[in-house]
Amino acid sequence: MSPTTEHAGTEHPSSERPSQERKEPTYLFTEKHVAEKSEIARRFLDNRERLNTNVDKANNFLVKRFYNIDHNTYLDGALPAKTKELMGLVASMCLRCDECVLYHVVQAYRLGVPRAEQEEALNVALVVGGSIVIPHLRRAYELLEELYG
């Protein structure tokens, strides 16, 4: 039997990818709630809002497009938003971006990700990123302590 006829009539599961519906995740907590619970989160969220106001004033089409891609990436889809936030947390730790780490810890918290899951994600980041991520790990744990106690 030739390779072309061997599987005739059967479809490989990956040959037809159904369109995956994306939807806004359900947040358990608002940003306001997070800001009231954590001084670190409050300072981060206030500063982010202030800086984004300046970016918004520029009315830059490419920046808007990028922000849209970023937003849509973290919607519920084939992977739940919670998983994507933990992936974002690991990547942010490895890239050593404190603002991104704070953002993903806050978003994961808002989505109801338990502290233990966030800590496991931080463990993955430590193994992948090595000892250079330790300062970022310390700051992430400081925020986790304020949010989860």
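Residues numbered from 1 in each chain as written. Predicted model: local features only at pLDDT ≥ 70, side-chain atom pairs only at ≥ 80, totals over all residues. Heavy atoms only, no water.

Colleague: Would you mind going over the overall build of the protein chain with me for this structure?
Modeller: When helices and strands are tallied, the protein chain shows eight helices and zero strands. Listing the helices and strands of the protein chain from first to last along the sequence gives α-α-α-α-α-α-α-α. Relative to its 149 residues, the protein chain shows a buried fraction of 30%. A separation of at least 24 residues holds for 70% of the contacts in the protein chain among residues at least 6 apart in sequence. Surface exposure of the protein chain reaches about 10,000 Å², of which carbon and sulfur atoms provide 55%. (Helix = DSSP H or I, 4+ residues; strand = E, 2+ residues; numbered from the N terminus. Buried < 20%, exposed > 50% of the residue type's maximum accessible area, 1.4 Å probe, protein only. Contact = heavy atoms within 4.5 Å. Areas by Shrake-Rupley, 256 points an atom, 1.4 Å probe, with all protein chains shown as cover.)

Colleague: Explain the packing of helix α7 (residues 115-129) against helix α8 (residues 134-148) here, please?
Modeller: In a packed pair of helices, the relevant descriptors are the angle between the two axes and the axis-to-axis distance. Here α7 crosses α8 at 180°, and the two axes come no closer than 11 Å. One finds that α7 runs roughly antiparallel with respect to α8. Residue-level contacts link R115, Q118, E119, L122, N123 and L126 of α7 to I134, L137, A140, Y141, L144, E145 and Y148 of α8. When its residues are assigned to classes, the contact of α7 with α8 shows eight nonpolar, two polar and three charged. (Axes fitted to C-alpha atoms, helices over the stretch in contact; angles between N-to-C directions. Parallel < 35°, antiparallel > 145°, perpendicular 65-115°, else oblique. Nonpolar A, V, L, I, M, F, W, Y, C, P; charged D, E, K, R; others polar.)

Colleague: Could you clarify how one ought to interpret the layout of surface pockets in this entry?
Modeller: Rolled over the atoms, a probe as big as a water molecule pinpoints where empty space is left. The calculated volume of the largest pocket comes to roughly 770 Å³. At the level of secondary structure, the elements contributing two or more residues to the lining of the largest pocket comprise α3 (39-58), α4 (61-73), α5 (81-95) and α6 (98-110). Tallied by class, the residues present in the lining of the largest pocket amount to 15 nonpolar, six polar and seven charged. (1 Å grid on protein atoms, 1.4 Å probe; cavity = no way out; pocket = protein on both sides within 12 Å on 5 of 7 lines; lining within 4 Å. Points joined across faces, edges and corners; volume = space filled by probe spheres on them.)

Colleague: What am I meant to see in the environment of R48 here?
Modeller: Considering the arrangement of structural elements, one finds R48 in helix α3. Between the alpha carbons of R48 and Y103 there is a distance of 9.4 Å; along the sequence they are 55 residues apart. Filtering out sequence-adjacent residues up to four positions away, R48 remains in contact with E31 and Y103.

Colleague: Just checking my understanding: could you explain the nonpolar core for this structure?
Modeller: Where a protein is soluble and globular, its nonpolar side chains tend to be buried together. If you look at the biggest cluster of nonpolar residues, it comprises 27 residues, and the most contacted ones within it are L89, M93, V105, L122 and L143. Those elements that provide at least two residues to this core are α2 (31-37), α3, α5, α6, α7 and α8. No other element matches α6, which puts seven residues into this core. Excluding residues that lie within four positions of it along the chain, M93 makes contacts with V101, L122, A125, V133, H136 and L137. (Core = buried A, V, L, I, M, F, W, Y, C linked by side-chain atoms within 4.5 Å.)

Colleague: Mind showing me how you'd approach the pattern of salt bridges here?
Modeller: Should the charged atoms of two oppositely charged side chains come close, the side chains can pair. Considering all chains together, one arrives at eight salt bridges under this definition. For R110, the salt bridge goes to E31, with nearest N and O atoms at 4.0 Å. Of this pair, R110 sits in helix α6 while E31 is found in helix α2, placing the two residues 79 residues apart along the sequence. Residue R139 is joined to D98 by a salt bridge in which the shortest nitrogen-to-oxygen separation is 2.7 Å. Note that R139 is positioned in helix α8 and D98 in helix α6, a separation of 41 residues in sequence. Relative accessible area serves as the criterion here: at 35%, R139 is assigned to the partly exposed category. Linked through salt bridges whose partners overlap, the residues forming this network are E39, R42, R43 and D46. (Salt bridge = Lys/Arg side-chain N within 4 Å of Asp/Glu carboxyl O.)

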